[in-house]
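# Residue-level structure breakdown
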Amino acid sequence: MDLRDVPALLITGPGPVLLRLGVVDRLVTAQTMLPEGLRLLVIDGYGTGAGLRCAGHETGAAADLTLCRADGAELWPGAADPVAVEQRHTLSKALSIAGLSTYAQAWWHWSHGDCSWAHQRSAGHARYGPLER
């Protein structure tokens, strides 16, 4: 599904950002759990280039995310200050409750249904394999 067609989610750049419908549904659910004034901002998914070389992106089951204000101004929860730590916690809580898993070394990388997700959730197998170009 092309995220340009999902008004509940914001993306960076004009190009297509494609994700599996099950992932999109979970991101929209996570968006509803964020405090008023905060939005999910999708930086990368399937079809945006760099992400295709990273785990999960080739399946359409992974997205790189951050937070932004309602006006679209990007926040950067990667900093070490207390506000950024709280923002990461807010992001993590909403996405985890919605059923996504993160890659421990990359707070911005979240997935549902790929191999990493299956391993973290002890699911036995991934729901999604690589997408064909």
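Let me sum up the structure you'll find in this document. (Residues numbered from 1 in each chain as written. Predicted model: local features only at pLDDT ≥ 70, side-chain atom pairs only at ≥ 80, totals over all residues. Heavy atoms only, no water.)

Let us now look at the overall build of the protein. Looking only at helices and strands, one finds 3 helices and 5 strands in the protein. With respect to the three principal axes, the spread of C-alpha positions in the protein is 35 × 35 × 25 Å. The buried share of the protein, taken over its 133 residues, is 43%. Look at the contacts in the protein between residues 6 or more apart in sequence, and 52% of them connect residues 24 or more apart. Looking at the protein as shown, the accessible area adds up to about 6,900 Å², and 57% of this sits on carbon and sulfur atoms. Considering the protein, the positive charge centre built from 11 side chains and the negative charge centre built from 13 side chains are found 4 Å apart. (Helix = DSSP H or I, 4+ residues; strand = E, 2+ residues; numbered from the N terminus. Buried < 20%, exposed > 50% of the residue type's maximum accessible area, 1.4 Å probe, protein only. Contact = heavy atoms within 4.5 Å. Areas by Shrake-Rupley, 256 points an atom, 1.4 Å probe, with all protein chains shown as cover. Lys, Arg positive; Asp, Glu negative; His and termini not counted. Charge placed at Lys NZ, Arg CZ, Asp CG, Glu CD.)

Moving on, we get to helix α1 (residues 21-33). Its 13 residues give α1 an end-to-end C-alpha distance of 19 Å, which sits within 8% of 18 Å, the value for a rise of 1.5 Å per residue. All of the buried residues in α1 are Gly 22, Val 23, Val 24, Leu 27, Ala 30 and Gln 31. Close packing links the buried residues of α1 with β2 (38-44), β3 (62-69) and α2 (82-97). (Expected span 1.5 Å × (residues − 1).)

Counting buried residues in β2 gives 6 out of 7 residues, a clear majority hidden from the surface. The sheet contact formed by strand β1 (residues 10-11) and β2 spans 2 bridges and is parallel. From the neighbouring strand, Ile 11 faces β2, where its bridge partner is Val 42. Between β1 and its parallel partner β2, the chain crosses via α1, and the hand of that crossover is left-handed. (Pairing = 2+ DSSP bridges. Right-handed = clockwise from strand over helix to strand, strands pointing away.)

Positive phi is not limited to glycine here, since Ser 122 has a value of about 50°. Structurally, Ser 122 can be placed in the segment after α3 (115-120).

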